Amino acid sequence: MTDTVRTTCPYCGVGCGLLVTPGGERTVTVAGDPDHPANRGRLCVKGAALPETMGLEGRLLHPVVDGRRASWEDALDRVADGFRAAIRAHGPDAVAFYVSGQLLTEDYYVVNKLAKGFIGTANIDTNSRLCMSSSVAGHSRAFGSDTVPGCYEDLELADLIVLVGSNTAWCHPVLFQRIEAARAARPAMRLVVIDPRRTATAQEADLHLPLRPGSDVALFNGLLAFLAGRGVVDRDFVGRHTHGFAAAVAAAARAAAPADACDLDPALVTRFYEWFASTPRTITVYSQGVNQSSSGTDKVNAIINCHLATGRIGWPGAGPLSLPGQPNAMGGREVGGLAGTLAAHMDFTDDNVDRLRRFWGSPSVAARPGLKAVDLFQAVRNGRIKALWIMATNPAVSLCDSGLVREALGTCPLVVVSDAMEATDSTAFGHVLLPALTWAEKDGTVTNSERVISRQRRVLPAPGEARADWWIVSQVAARLGFGAAFPYRSAADIFREHCRLSGFENDGGRDFDLRGLTGVDYDGLVPVQWPVSAPGQETRRLFGNGGFFHPDGRARFVALRARPPRAAVSADWPLLLNTGRIRDQWHTMTRTGLSPRLSAHSPEPCITVHPADAAAFGLSDGAMARIESPLGGIVMTVVLDDAQRVGEVFAPMHWNDRFASAATVDRLIACHTDPVSGQPELKAAPVRISALPVAWRGLLLSRSTPGTPDPGVVWSRSAGRGHVVTRLCGERPAADWLEWLRALCGPDGDWLHYEDRRQGIFRAARLLDGRPDVVFFVSPRGDAWALDWLGDLGRAGDLPPEGRAALLAGGVVRNNARGPVVCACHHVGRTAILDAVARQGASSLDDIGRLLGAGTGCGSCRPELRRLMAGARAAPVTAVPGTHD
Ligand SMILES: Nc1nc2c(c(=O)[nH]1)N[C@H]1C(S)=C(S)[C@@H](COP(=O)(O)OP(=O)(O)OC[C@H]3O[C@@H](n4cnc5c(=O)[nH]c(N)nc54)[C@H](O)[C@@H]3O)O[C@H]1N2
Ligand SMILES: Nc1nc2c(c(=O)[nH]1)N[C@H]1C(S)=C(S)[C@@H](COP(=O)(O)OP(=O)(O)OC[C@H]3O[C@@H](n4cnc5c(=O)[nH]c(N)nc54)[C@H](O)[C@@H]3O)O[C@H]1N2
Ligand code: SF4
Ligand SMILES: [Mo]
């Protein structure tokens, strides 16, 4: 245990503690930290698969200037010269920073200090604009500060949990495990899920409300009116600690019948309202289905209104709880990462600006909010911003209208990208690429969704010339003449300054207070929940007895009118596209895309379509479809699922040009933003869909990444065990498949091949020193992959005899596929699970666990297992649907 390091998971905002032990050659083992309050030893599949992402393949290991390797000196000079020249010629607002909730607090503090404090521009925004800025705005309107009132334990103490626009089972899996464990211990506890889709989360609920997208304000306005009508109002709390109750209730009462507005069965709506009214310990948890909306801020306040009215806030088991997604979304809020905020939870008042001038000793602190992400990239596109520095985010993929983002990056005179990876869709536009340390290599702190600050600690040495983000920024600051204010030698130095600022002239009027940590032993820092105004003093909950941060100490109700999404479906664009996450990928896949285990669950970009829509648009399960919006088009594989509402389709946000020919979903999504928060509507874009004619399908397994196929070919890529899997299809077969393949993979080696031109079948393998190095199958429907042995290609010492025979003989390869992997920990596929139900009589999760091991690892797959088992029992399956895996 001596080498084991206590650190924090780099993925979601649950912020699980990990025990990481380094092995040789950049290997690590990972276990959940039993002492961390967020997870108490639990892990989800993404955390558990971290060891598979530690390799150096694809890492950016030295600075690059204009496409060529450069020294740190030259690269830093180039950045500083470019920024200085732009500022001299056009003023400080001609430069901008676009940063990320995946930076550590120390990195984030330093870049914000450089931009707002010393360069004097507030043109620094973060990908959190796309993530939780509506929650920030909603909190600020209601509480007078961006404060999360409750904590995770409330999920266990509640009698009613309401999840709104949150696929918790997949996106905050350890919190969902905690919810499931609490429900098992206390079956009377109820779970309501409000999501247009019947997600893995919704499937576990006592009540699922599949509401019309965007209609949450109507639903919660209806709830407020219902509570007022029933007299379920905490008069004392409302009278002493709030303002604006009557106006909010009047606005809510004027609204149309909520069931109509939300397109829901009125009986279900009433049941939800009655449960809410009769359950004092109610917690309402919300995430991107709420935030990523043109009425996101109103949705947040519609929820908070109901909690204020009932006084259910800041008490054990009661309160609104926003779940931000990124590991340090909260840290970013604390350092003022958003263009409209200042460090230490201050906003842009003259007093605060003056306070920062004095604290930092800088006369040039920005005095006005800067451009929010969407406006910022528009300003880059218009030429107003001459130099842009992107850090730890991939906007060419993840920002709305990513076609415009790419245009903007393509025309900007200086684009600097700090990233851990060399080739991303965004680094492709960088004039200067700066190699950053990433998880396991860097040191600092993060804050999770319940205000708990934890250390991320270094486990592995820095690879190549990669450096910490705070170091890189400090070096540029020094070159711009601000060296005295950026003297940091370690993350600890920065953390102490951050703590001091939180307490500087803070008479209790600012929620964010780390005074009690100023002198703390940074290396030994244990998870701690802020505010910490004195050593040893933590805060579980706020606002139970008022004490809001508006000047009068009262919270505000917000009177709301429901608005539909900004863009509506029409005859030309008849379907509404919803987007979000899949269970085992993280964002733009730069890290999770490297893991075979994480790539097995959903290995290709898929669009989920209701069977009725599929019939209407001529689509079948497994078919290729083109999806278009007025902004662009993408291609994905169709998955039929009646968990979708009719008229709505869902596509993941993860795929991008590194992993597919055309599957970047943000190419379709216009930048309609929320008027208060500036958060774009990423969950409601009108599209059309049509079948893509395909004459052949191919599966290519190769030990190294093949070249990019010619433009007529549709392809996507995923990680296999020791190899890369490329799925391909097209309208016209190649004139000479072997030539085509050799062009893609390189001509070396011994090629074996078999072709039946009449039946459209081609198979080939390349042997290098007797080992299979490339295997390629083509057939008209792509339905005969023998993936079980091909899947072990990477480990095979030699081509197995049955493989050679299958390749060279003319017969059809037996389809012995395991089906899509459901349990990533134990690599158990759908076929085996259905088989265990049909043939071995498995009837419970325990049976499946005993027979196959599935569901006994991290537990992320348990909702899917239950669904598969229920489906199998309802309709015994003889043939396995979905032929692609
Ligand atoms: N596996 C995985 N986990 C992740 C991430 C990841 O990339 N992969 N990313 C992390 C990050 S940064 C974030 S922000 C979180 C996001 O976590 P979530 O917000 O839980 O995830 P999403 O899939 O973006 O969207 C949640 C749900 O909102 C629903 N929705 C869409 N429109 C509406 C609507 O109008 N009203 C309501 N009520 N619901 C609607 C969608 O159908 C979807 O199921 O996940 C974090 N965790
Ligand atoms: N359509 C649609 N679009 C969405 C969403 C959606 O639901 N639908 N969700 C939005 C949300 S909530 C989010 S949070 C964003 C996420 O979108 P992004 O932030 O663009 O996604 P990531 O892939 O996490 O990008 C992080 C980058 O940082 C790099 N990196 C990793 N570690 C470090 C480090 O320590 N330092 C530096 N400098 N770089 C590092 C990674 O290699 C990667 O390139 O996407 C948004 N976009
Ligand atoms: S729930 Fe999973 S991804 Fe999120 S912090 Fe915990 S282990 Fe990491
Ligand atoms: Mo996010």
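In what follows, the structure referred to is the one given above.
Quick caveat, the model's predicted, so the values are computed rather than measured.

Q: Quick question: what am I supposed to make of the site of ligand 2 here?
A: In the vicinity of ligand 2 there are 34 residues, among which Gln102, Asn127, Ser398, Asp419 and Thr588 approach most closely. Leucine 437 places a main-chain nitrogen or oxygen 2.8 Å from an oxygen atom of ligand 2. For ligand 2, whose accessible area on its own is 920 Å², the fraction buried by protein is 99%. Those elements that place two or more of their residues in the shell around ligand 2 are β17 (414-419) and β23 (575-580). Within the shell around ligand 2, the residues separate by chemical class into 12 nonpolar, 16 polar and 6 charged.

Q: How should the layout of surface pockets be read in this particular structure?
A: If a probe as big as a water molecule is rolled over the atoms, it shows which places are left empty. Roughly 990 Å³ of volume is contained in the second largest pocket. Taken together, 40 residues form the lining of the second largest pocket, with Glu57, Gly593, Leu594, Phe659 and Thr705 sitting closest to its centre. The dominant element in the lining of the second largest pocket, judged by the number of residues it contributes, is strand β30 (residues 714-719), at 4 residues. Its residues placed into classes, the lining of the second largest pocket shows 13 nonpolar, 17 polar and 10 charged.

Q: Got a minute to help me understand the pairing of strand β3 (residues 28-32) in this structure?
A: Side-chain positions along a regular strand alternate between the two faces of the sheet. Of the two faces of β3, only one is covered, namely that formed by Val28, Val30 and Gly32; the face formed by Thr29 and Ala31 stays uncovered. Bridge analysis of strand β2 (residues 17-22) against β3 gives 5 bridges, and the strand direction is antiparallel. Note that in β3 the partner of proline 22 across the bridge is valine 28. Between β2 and the antiparallel strand that follows it, β3, lie 5 residues; glutamate 25 among them carries a positive phi value of about 50°.

Q: Looking at this structure, how should I read the sheet that holds strand β33 (residues 761-768)?
A: Adjacent strands of a sheet pair through backbone hydrogen bonds, lying either parallel or antiparallel. Read across the open sheet, the 6 strands follow the order β30-β31-β29-β34-β33-β32; overall the sheet is antiparallel. Sheet topology places β30 and β32 (750-756) at the edges, where each strand pairs with a single neighbour. For this sheet the average axis-to-axis angle between neighbouring strands, irrespective of direction, equals 10°. For β30 and strand β31 (residues 724-730), the ladder comprises 6 bridges, and the chain directions are antiparallel. Of the residues in β31, the one forming a bridge with valine 714 is cysteine 729.

The rules behind the values
Residues numbered from 1 in each chain as written. Chains lettered and ligands numbered in written order. Predicted model: local features only at pLDDT ≥ 70, side-chain atom pairs only at ≥ 80, totals over all residues. Heavy atoms only, no water. Near = heavy atom within 4 Å. Polar contact = N/O pair within 3.5 Å; in protein donor to acceptor, adjacent residues only side chain to side chain. Areas by Shrake-Rupley, 256 points an atom, 1.4 Å probe, with all protein chains shown as cover. Helix = DSSP H or I, 4+ residues; strand = E, 2+ residues; numbered from the N terminus. Nonpolar A, V, L, I, M, F, W, Y, C, P; charged D, E, K, R; others polar. 1 Å grid on protein atoms, 1.4 Å probe; cavity = no way out; pocket = protein on both sides within 12 Å on 5 of 7 lines; lining within 4 Å. Points joined across faces, edges and corners; volume = space filled by probe spheres on them. Buried < 20%, exposed > 50% of the residue type's maximum accessible area, 1.4 Å probe, protein only. Pairing = 2+ DSSP bridges. Axes fitted to C-alpha atoms, helices over the stretch in contact; angles between N-to-C directions.

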